[in-house]
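Below are the chains, spelled out letter by letter.
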Amino acid sequence: MNICVLGAGTIGLSWLRRFVAHGHQVLVCDPRPDLADVVAGLPLTDDERARVRVVAERDAALAEADVVQESGPEHLAFKRELIADFARHGRPGAWWFSSSSALLPSDMSADAPDEVAARVAIGHPFNPPHLMPLVEVVPGTRTAASTLEAARGFYTSLGMEPAVLHREVPGFVGNRLQKALWAEAFGLVLDGVVSVDDLDTVMKNSLGLRFACVGIVEAAAMGGGAAGVQGLMDLLRESFAKIELNDLDWSNEALAPLYEAAAAAYGAPVDSARITRRDELLTGMLRVRGQLD
C-alpha cells in the first residue's frame, strides 16, 4: 500500500516510522526546506528506509497514495485547501485521514463534493504515534460507513487500537478527557496546593499506573464490587459531590506561573534524555500488555 504522509512535523514523521515498520511504501511531502535531511536522520532500518520516498510536489504525492495521513498545521482554511487538492489529484477510492486533534472533519471537508467527503475522516493519534496504540477515528456528517470500517482495519493492521466515534464532537474523546484533567491539575499548581513535581508524582503513581492497565469505567466497575459502577458511586457520591473543581483561566497570563514551574522542573525544551526514557517506558509497558513484540 502507498501511504502519503502529508506534513512532516513531529506527528507526521512519527507516523512515517509506524507505516514503514509495517511494510508500507511511504511518500512524504512537506514544503520544509530541510525535509530530505530530516527524513535521512530518522532511526530506520535499511529495509525501512528503502520504502520511503521524499516527494516535493503535493499533487504528485496525492496521485500515488492509497491512503493520505495528513498532519499539517491546525488551520481550517489550510485543511480545506489540502482536501481540495486531494479532490483534484487523489486516486478514486483513496482515503483521507487527518491527524487533527481538534478540528471537525465536517468543517474540513465542507467545500468538497459528497464523493470526496465520504472518504474523509479523522485519524487522530496520541504522541508519539509510532509507539502509542490509540487512534481516534472520527466521522464527519458525510463520511461513509465503509470509510470508518476501512480506517478501523487499516489502523488495526498497524498494530494500533482504533476507537471509532459515533459522531464528531470538538476535541473528540481523548483530548476532552485531557482538558478536564489539565484544568484541575494546572489549577492545583496555580492555587499553591502542590508543586509540579509532586503533582506528577501523584499522577504517575496512581491514575497513570492504574489507567495503563484498565479503563476508567472498567476501574470503576471493579471498585464497586458486586454492584459494579453503581456500588462505587453509592460509596463516593456524597463526598465527591462536595468537591468543587477548577474553572481554569486558559490565557497565557494566567498560566505563566505554571509555565515557569514546568520549565524549572523539566527544562524548556524538555531534556532529550527524558523523552528517551519516556519511550523506553512506553515500549516496556506495551510489551507487558502484549502489544509489542
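Please refer to the structure higher up on the page.
Asker: I'm lost on the nonpolar core in this one. Help?
Answerer: One broad trend across soluble globular proteins is that nonpolar side chains are buried collectively. If you look at the biggest cluster of nonpolar residues, it comprises 26 residues, and the most contacted ones within it are Leu 16, Phe 19, Val 28, Val 52, Phe 97, Phe 154 and Tyr 155. Counting residues per element, this core draws most heavily on helix H1 (residues 10–21), at five residues. In this structure Phe 154 touches Met 1, Ile 3, Phe 19, Val 67 and Phe 97, once residues within four positions along its chain are discounted. Membership of the second largest hydrophobic core comes to 24 residues, among which are Cys 29, Val 55, Ala 61 and Ile 122.

Asker: Can you help me understand helix H5 (residues 76–89) in this one?
Answerer: Side chains three or four residues apart in an α-helix point the same way, a direct result of the helix having 3.6 residues per turn. The first and last C-alpha atoms of H5 sit 20 Å apart over 14 residues, in line with the 20 Å expected at 1.5 Å per residue. Taken together, the buried positions of H5 are Lys 79, Leu 82, Ile 83, Asp 85 and Phe 86. Around the axis of H5, the buried residues are gathered within 155 degrees of arc, so they sit on the same side. In H5, the exposed residues that point more than 90 degrees away from the buried face are Ala 77 and Arg 88.

Asker: Is there a simple way to think about the packing of aromatic side chains in this case?
Answerer: The way to describe two aromatic rings as a pair is by their centre distance and the angle between their planes. For the structure shown, the criterion picks out nine aromatic pairs. Seen from their ring centres, Trp 182 and Phe 186 are 5.8 Å apart, and the 15 degrees between their planes marks the pair as stacked. Of this pair, Trp 182 and Phe 186 both sit in helix H9 (residues 174–190), four residues apart, roughly one helical turn. According to the relative accessible area criterion, Trp 182 is partly exposed, its value standing at 39%. Put simply, the rings of Trp 15, Phe 19, Trp 95, Phe 97, Phe 154 and Tyr 155 touch in pairs and so form one group of aromatic residues.

Rules of the game
- Residues numbered from 1 in each chain as written.
- Predicted model: local features only at pLDDT ≥ 70, side-chain atom pairs only at ≥ 80, totals over all residues.
- Heavy atoms only, no water.
- Core = buried A, V, L, I, M, F, W, Y, C linked by side-chain atoms within 4.5 Å.
- Buried < 20%, exposed > 50% of the residue type's maximum accessible area, 1.4 Å probe, protein only.
- Helix = DSSP H or I, 4+ residues; strand = E, 2+ residues; numbered from the N terminus.
- Contact = heavy atoms within 4.5 Å.
- Expected span 1.5 Å × (residues − 1).
- Arc of directions from axis to C-beta.
- Phe/Tyr/Trp six-rings, centres within 6.5 Å; stacked < 30°, edge-to-face > 60°.

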